[in-house]
Amino acid sequence: RSLTLVLREAFQNPTRHSGASRIQAQLAFGTNQVDLLVEDDGRGFDAEASLTDDTHHYGLIGMRQRIERHGGEFELRSGRGRGTRVLASLPCGQAAKALPEC
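The model shown is predicted, which means the values in this text are computed figures rather than measured ones.

Enquirer: Teacher, can you tell me more about the pattern of salt bridges here?
Expert: Pairing between side chains becomes possible if they bear opposite charge and their charged atoms approach one another. Inspection of every chain in the model, using the stated rule, returns three salt bridges. Linking Glu-39 and Arg-85 is a salt bridge whose minimum nitrogen-to-oxygen distance equals 3.6 Å. In this pair, Glu-39 sits in strand E2 (residues 33-40) while Arg-85 sits in strand E4 (residues 83-91), placing the two residues 46 residues apart along the sequence. Glu-75 is paired through a salt bridge with Arg-85; the nearest N and O atoms lie 3.1 Å apart. One end of the pair, Glu-75, is in strand E3 (residues 73-79); the other, Arg-85, is in strand E4, with 10 residues separating them in the sequence. Assessed through its relative accessible area of 25%, Arg-85 is described here as partly exposed.

Enquirer: Can you walk me through the nonpolar core in this structure?
Expert: Burial of nonpolar side chains together is a common tendency in soluble globular proteins. Grouped together as the largest cluster of nonpolar side chains are 15 residues, with contacts concentrated most on Leu-3, Met-63, Ile-67, Phe-74 and Ala-88. Elements with a minimum of two residues in this core: helix H1 (2-18), E2, helix H3 (58-69), E3 and E4. In contact with Met-63, not counting residues within four places along its chain, are Val-6, Glu-9, Ala-10, Asn-13, Phe-74 and Val-86.

Enquirer: Help me understand the environment of Leu-7, please; the structure alone is not making it clear to me.
Expert: You can see Leu-7 is positioned in helix H1. For the pair formed by Leu-7 and Leu-36, sequence separation is 29 residues and the distance between their alpha carbons is 7.7 Å. Setting aside residues no more than four positions away along its own chain, Leu-7 makes contact with Ala-25, Leu-36 and Val-38.

Conventions and cut-offs
- Residues numbered from 1 in each chain as written.
- Predicted model: local features only at pLDDT ≥ 70, side-chain atom pairs only at ≥ 80, totals over all residues.
- Heavy atoms only, no water.
- Salt bridge = Lys/Arg side-chain N within 4 Å of Asp/Glu carboxyl O.
- Helix = DSSP H or I, 4+ residues; strand = E, 2+ residues; numbered from the N terminus.
- Buried < 20%, exposed > 50% of the residue type's maximum accessible area, 1.4 Å probe, protein only.
- Core = buried A, V, L, I, M, F, W, Y, C linked by side-chain atoms within 4.5 Å.
- Contact = heavy atoms within 4.5 Å.

So this is what it looks like as structure tokens:
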């Protein structure tokens, strides 16, 4: 469920905030982990500040916390005018708990 919620948030954010015209998602099942990659071509923002300042970025912080709670890794890359890239990786055993479809 956690990975599904991260995917939902990664789609909702650019729709609501960035003016993106393209959002692309990729789910890859490896031997030891599951990777979720979501990229958009929106306005972008200061990703580092968004993950440390919890004033207005609860969705981003929540995505990171969900993945890390399952022993995974969360990476957020963005910059003004460059769009956004979200990468969430979970170990296979934890992915089964975080993604019911697994």
